[in-house]
Structure formats: structure tokens, C-alpha cells
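A look at the structure
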Amino acid sequence: MHAGIKVALVILVLAGVIAGVTIMNKAPAPSGELVQEVERSVFPVETVKVVPRTVAETLNRTGVLQADKDVTLNAQVAGTVKQVDKRLGDACAKDEAVLRLDPESYRIGVSQAGAAVKQAKVALEQAERNLARIEKLKRKEVASEQQYDAAATGVEASKAALDQARAAQRAAAKVLKDTKVKCPFDGTVARMMVEVGQSVGPAVPIARIVDTEKLKLVIEVPARQLSMLRLGQRV
């Protein structure tokens, strides 16, 4: 009984194998289109040997060229613009006049200061003569100690007044000098901000002077990239 069952199973297995082979033999061969598609999917490649090398890291940034010297001239005194010596684009040498304010009122101030100095000198001379006279009288015991002290104090006061008058004279001369606005260095007038007849005051911008002989490049670099920079590095 068992032997019959085993024979039947073997027959079924053989039948299945034969059927599978038959199906495989009957399966259609790959079409020409499929073969061409497979061929198109194959690409030629080139192989290289991997070797270590140093890769230079670059930093690409844009910047702005600026003049090494770039200043805005301001009026030092109040006044009316009498003369404009330089115009936009004109070259100017160091200490050359860019423009001039009306100096007349300041000349009067210088004259008054000079007159005050003369008066102070005269007063000092009188005080010194008075002191000398009191000294003679004191030696003759005609003048008192208090008179001598007063005369000596008068001399010192006259000296102080003369010093003050001379200081005022120097200040008046400087103010007169400041009516002429000068170029601080060799450069070019990049902007003229006033015209003849215009009133200006202290600290009022008058002109912009730049020196284009030497330029500097200003570049903004993120903080994370600052480590890539060093002093003297070529750009």
C-alpha cells in the first residue's frame, strides 16, 4: 500500500518537471526592442587612481575701492562766502585755498586787538614809572609801605592786562586766518557744497577732498570666514 503511494508521488513530480520545461521552452525570446533598450542603458566609464592632494580653499567676495584720504572740510568761523577758488574735479595742493570767507569784520577785530595791546603797553609803562617814583619816595621815607604795595600791585595788574590783550590779538589773527579754507593735503575736489554769497557757520560742511593716488579696497567678510584671512595675504 505504501509502496503504491510513493510510486504515485514520483510520477506526479516527474510530470510537474516535464510541464515546467515545456513552458520554459515555449516562453517567447526577448524582443529586439528590449535588447536595444538594455544596450542603451550601458555607458562607458573611465577609472582613475585616487591619490591624496591639497585643495586650495578660495574666498570670493566683492568690495568697494575707496580713497585712502577722504575728508570733508568745515568752516571754522561764521561768515559769507566771498570767493570759491576750487570747483568740482579741480586738483588742489596742500595748504592751497579752496574758498575764502569775507574777512572784513575779522580784520577790524585784529585792528581792535592791536589797539588794545598798545593801550596795555602804555598802561604798564605808566605803572612802572609810578612804582619807580614811589620807591624813591619810600627811600626818603616820604611814601608809605601801603603806597609802595599799591604801586607794585598796579604793575602786576598792568602786566596781566597786557598778556590778556596779546592773547586776544593772537585769537583775532587766527580767526582772520580761518576765513581762508585750505586744502589739508594734495588731492582733488570731489564735492563743493557752497556757493559765493552763501552764509556759513562753524562746523558747516564746505567741500569734500579726496586723494585718489592711493586707494584701499573695503570688503565685508562674514565672521565665520575670518579665519581664512591673514595679514599680508595677496588678494
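For the structure itself, consult the block above.
Now for a description of the structure that goes with this document. Quantities reported herein were computed from a predicted structural model and do not represent experimental measurements.

This part covers the state of the cysteines. Tallied over the entire structure, the rule returns 1 disulfide. Through a disulfide, C92 is tied to C183; the S-S separation comes to 2.5 Å. With C92 in strand β3 (residues 91-92) and C183 in the loop between β5 (180-182) and β6 (187-192), the pair connects residues that are 91 residues apart, well separated along the chain. Each member of the pair, C92 together with C183, is buried.

Read from one edge to the other, the open sheet built from 4 strands follows the order β1-β8-β6-β3, with strand pairing classed as antiparallel. The open sheet has two free edges, formed respectively by β1 (63-74) and β3, since each of these has just one partner strand.

Take the packing of helix α3 (residues 104-139) against helix α4 (residues 145-177) next. In contact at an axis separation of 8 Å, α3 and α4 are set at 165° when each is read in the N-to-C sense. Taken as axis vectors, α3 and α4 run roughly antiparallel relative to one another. In terms of crossing hand, the pair formed by α3 and α4 is left-handed. By residue class, the composition of the contact of α3 with α4 is 23 nonpolar, 7 polar and 8 charged.

The subject of this paragraph is the nonpolar core. Counting 20 residues, the largest nonpolar core has L99, M192, V194, I206 and I209 as the members making the most contacts within it. When residues of this core are traced back to their parent elements, those giving at least two are β2 (79-84), β4 (97-101), β6 and β8 (205-219). Beyond its immediate chain neighbours, meaning those up to four positions away, L99 contacts Q83, V84, D85, T179, K180, V181, M192, V194 and I206. A120, L131, I134 and A143 belong to the second-largest nonpolar core, a separate cluster that totals 11 residues.

Pairing is antiparallel in the open sheet, where 4 strands are placed in the order β5-β4-β2-β7. The strands lining the two open edges of the sheet, one partner per strand, are β5 and β7 (199-200). Bridge count between β2 and β4: 3 bridges; the pairing is antiparallel. Of the residues in β4, the one forming a bridge with Q83 is R100.

What the rule picks out here adds up to 0 aromatic pairs. A cation over a ring is seen here: K138 above Y148, with NZ or CZ 5.7 Å from the ring centre.

A complete count under the given rule lists 7 salt bridges for this structure. For D70, the salt bridge is made with R208, and the minimal N-O distance between the two is 2.6 Å. Here the residue D70 occupies a position in strand β1, and R208 occupies one in strand β8, the gap between them amounting to 138 residues. Overall, D70 belongs to the partly exposed group, its relative accessible area being 38%. On the basis of relative accessibility, which here comes to 33%, the residue R208 falls in the partly exposed class. Across the salt bridge formed by R100 and D85, the nearest N and O atoms sit 3.2 Å from each other.

Cut-offs applied
Residues numbered from 1 in each chain as written. Predicted model: local features only at pLDDT ≥ 70, side-chain atom pairs only at ≥ 80, totals over all residues. Heavy atoms only, no water. Disulfide = S-S within 2.5 Å. Helix = DSSP H or I, 4+ residues; strand = E, 2+ residues; numbered from the N terminus. Buried < 20%, exposed > 50% of the residue type's maximum accessible area, 1.4 Å probe, protein only. Pairing = 2+ DSSP bridges. Axes fitted to C-alpha atoms, helices over the stretch in contact; angles between N-to-C directions. Parallel < 35°, antiparallel > 145°, perpendicular 65-115°, else oblique. Left-handed = near helix turned anticlockwise from the far one by under 90°. Nonpolar A, V, L, I, M, F, W, Y, C, P; charged D, E, K, R; others polar. Core = buried A, V, L, I, M, F, W, Y, C linked by side-chain atoms within 4.5 Å. Contact = heavy atoms within 4.5 Å. Phe/Tyr/Trp six-rings, centres within 6.5 Å; stacked < 30°, edge-to-face > 60°. Lys NZ or Arg CZ within 6 Å of the ring centre and 35° of its normal. Salt bridge = Lys/Arg side-chain N within 4 Å of Asp/Glu carboxyl O.

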